[in-house]
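Below, each chain spelled out in residue letters.
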Amino acid sequence: MIKNNITKILQLLIVNCKLLIVICTLLIFSCSSPQIETEITSPDERIKVAFNIDNDGAMYYNVEVDDNVFIDDSQLGFEAKDGLNLKDAFEIVDVRFSSEDETWEQPWGENKIIRNHYNDMAVDLINEDSIFLTMRFRVFNDGLGFRYEYKVTDIDSVIITDELTSFNIKENGTSWSIPADFDSYEHLYITLPINEIEDANTPFTFKTKSGIYASIHEAALIDFPEMTLGLRQSKDKSLKSKVTENQSSMFNIQSSEFKAQLAPYPDKKTKAIFTAASQSLTFKIPWRTIQISDKAVGLINSNLILNLNEPCALKGDLSWIRPMKYVGVWWSMHLGVESWVINDRHGATTENAKRHIDFAANNNIDAVLFEGWNEGWDSWGGRQNFDFTKAYADFDIDEIMRYAKEKNIEVIGHHETGGNIINYEKQLEEAYRWAKEKGINYVKTGYAGGISDFHNHHGQYNVRHYQKVVETAADNHISLNVHEPIKPTGLRRTYPNLMTGEGARGMEWNAWSEGNPPEHHVTLPFTRLLAGPMDYTPGTFDILFENTRNSPQRKKWNDNDKGNSRVNTTLAKQLANWVILYSPLQMASDMIEHYEGHPMFQFFRDFNPDCDWSEALQGEPGEYIVVVRRAGEDFFLGAATNGSAREVAVPLTFLSENQDFIATIYSDGDDAHWKTNPTSYMIEKKIISHNDTLFINMAAGGGCAVTLSPRN
Ligand code: NOJ
Ligand code: CA
């Protein structure tokens, strides 16, 4: 009977080869494999992910944790231009399962050795539009990722207009996020019930009422716009009407359903464009990720984002990529006492450069950043046309590079683009070749300003640009620190020269705005830093700007500056942030004269940013955090709190047994308070070991930094 039908169909459709293949495949599979298993669990079996299609062939998935629904049935797929169907009428053709348990090593990172342990399910689907799709789910003990791998034949291009991927969070709870904004991540964090968030950037971190912590983000963002999340009102849950009776009982209108939102092209409708090089067009969407943990710090200790990225693409010896500590001609400009532009207040002069190089050399610091060294700053705020190979007349680059080399100090070059991508791309190859020739091995880039041709910062156009810069820099053996970047998605694994970046409200905001509140620094590790390292640039010692506020040199350059800015932490917390806010390029950001002779600066002198192993020991988002890192034989510990004073007990079980350590403890003074007495501090030395517990007292807005070195 079935055979007869197939023969009839074959005769009728012999002229349309493409359709024929598709229909045959559908028939064969609907006859031979009615029940294909499409569920997969994490190696420890605590997380279960199920994929399925509804009666219209539309795709959805759900996630259970410990047998409880965690992400309720959630839609999958894309809308595309010209009626191309990337979302439904799908049939499952095959399901392939595989597993992995391996370790891999990276040249730098919070942890150098990483375990990659997962179960993988690849569901092959096909629909009447000849769309071949593999939905790949990868489930780890610390969460999951899934991605779309499309193959479309006989087509010149695919234009994606919307992403339907949803995250239907079953239970309400608390969330920590910044609003979705396709141009900037420099916002203050919002703590709100999950179902009150209208839209959010990722990492979107939350804790359900049952106590599960999770964070939604993406991994390996290449050639695609960024994904943010928008809350869908429950009445729009179209999927509910399509699923079968017994499936619908899984829906819960209390749940919060977030839908992916993609950064658009200037026409607002186009989200991504893929162009075919040959007869068929294949494209992979970046992984959509959900990190899951019983503990808030479990999210920080998770390596899921890195594990979902491709192995290192850079060949040969990578010793040119090295974690470093640096100072810079930088904070003075933000405070308004020096300028980027050449004038009588110019910061990047030959003399000042040498003074900074001397300071670095005398204080066990590896590098110096110079901003405002090149021509183009005169038109700041307009359509800047920076010249990346022309130093200002008072910045003798050859002499500075000679002097730096003599003192064994690296120079971090600066490419502020002002958002003028067209101008930057015109000079890109030459700019990196020139920098290398001069002896510059590290470059900080910046995109402060509107992007060329009305693009936004986070759309596919700019993602492609950021990638081009990473690859051009890599070709020249140059490592990057990207400001106003696309948010990190773990690409540092594939391109380890993409070392750090900004992508959140960093220290600069304290110089000329109401600043970052005390809870900001204990929210970042659970949100933005889950994505990757951050060049926050901690280390202001002149917390109240006492040395610069009334300087006759000072000129307001930023409209947010009301003249009453300050840093909203204690001094000890500035030290703690060097450990907590991980960056392989870690800056002591204050003007160097504020460190001269200061006993607390000894911590930075001793600090080693090239860690081998790290662990977030305890903490809660927006409340407090304790992190420890090991670099060689030394350990560095950082603890910080929000606006409330607190004591934490830290068992030192991470120390090797049978070995005493000298602990140097830099903490808040008894009378310290971030608001009223931020610079009160204490330094204390102790002999401690594996069996001891360290009791740390932190003032309101305070913190503590500890070095632990083996006692010989
Ligand atoms: C914004 C960056 O975040 C900051 O670090 C830099 O100093 C300015 N742009 C000027 O390039
Ligand atoms: Ca910035």
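This text goes with the structure placed above it.
Residues numbered from 1 in each chain as written. Chains lettered and ligands numbered in written order. Predicted model: local features only at pLDDT ≥ 70, side-chain atom pairs only at ≥ 80, totals over all residues. Heavy atoms only, no water.

1. Details of the site of ligand 1
Consideration 1: Residues in contact with ligand 1, as listed here, are Trp330, His334, Trp340, Glu371, Trp377, His414, Glu416, Lys444, His483, Glu484, Glu502 and Glu508.
Consideration 2: Contact between ligand 1 and histidine 334: an oxygen atom at 2.9 Å from a side-chain N or O atom of the residue. (Near = heavy atom within 4 Å. Polar contact = N/O pair within 3.5 Å; in protein donor to acceptor, adjacent residues only side chain to side chain.)

2. Overview of the nonpolar core
Consideration 1: Counting 176 residues, the largest nonpolar core has Phe51, Met135 and Ile160 as the members making the most contacts within it.
Consideration 2: For methionine 135, the contacting residues outside a window of four places in its chain are Phe51, Met59, Leu76, Met121, Ala122, Val123, Leu125, Phe146, Arg147 and Tyr148. (Core = buried A, V, L, I, M, F, W, Y, C linked by side-chain atoms within 4.5 Å. Buried < 20%, exposed > 50% of the residue type's maximum accessible area, 1.4 Å probe, protein only. Contact = heavy atoms within 4.5 Å.)

3. Quick word on the coordination of the calcium ion (ligand 2)
The expected angle between donors at a tetrahedral four-coordinate metal is 109.5 degrees. At an octahedral six-coordinate metal it is 90 or 180 degrees.
Consideration 1: Those donors, Glu186 (OE), Glu484 (OE), Glu502 (OE), Glu502 (OE) and Glu508 (OE), are the protein atoms that reach the calcium ion (ligand 2), and they lie 2.2 to 2.5 Å from it.
Consideration 2: Given six donor atoms and angles of 52 to 157° at the metal, the environment of the calcium ion (ligand 2) is assigned as irregular. (Donors = N, O, S within 2.8 Å, 3.2 Å for Na, K, Ca; no water. Tetrahedral: all angles 85-135°; square planar, octahedral: opposite > 155°, others 65-115°.)

4. Some words on helix H9 (residues 397-406)
Consideration 1: If you check which residues of H9 are buried, you get Ile397, Ile400, Met401, Tyr403 and Ala404. All buried residues of H9 lie within an arc of 165° about the axis, which places them on one face of the element. Exposed and facing more than 90 degrees away from the buried side of H9 are Lys405 and Glu406.
Consideration 2: On its buried side, H9 packs onto helix H8 (350-362), strand S24 (367-370), strand S25 (410-416) and helix H10 (421-438).
Consideration 3: Positioned one or two residues after H9, asparagine 408 has a phi angle of 60°, which is positive. (Helix = DSSP H or I, 4+ residues; strand = E, 2+ residues; numbered from the N terminus. Arc of directions from axis to C-beta.)

5. Thoughts on the sheet that holds strand S29 (residues 585-587)
Consideration 1: Spatial ordering of the open sheet is given by S28-S27-S26-S25-S24-S23-S29, a layout of seven strands whose pairing is parallel. Because the sheet does not close on itself, it has two edges, and the strands there are strand S28 (498-501) and S29. Pairwise comparison of adjacent strand axes, ignoring direction, gives a mean angle of 30° for this sheet.
Consideration 2: Of the strands in this sheet, strand S23 (324-329) and S24 are in contact with H8, which crosses S24 at around 155°. (Pairing = 2+ DSSP bridges. Axes fitted to C-alpha atoms, helices over the stretch in contact; angles between N-to-C directions.)

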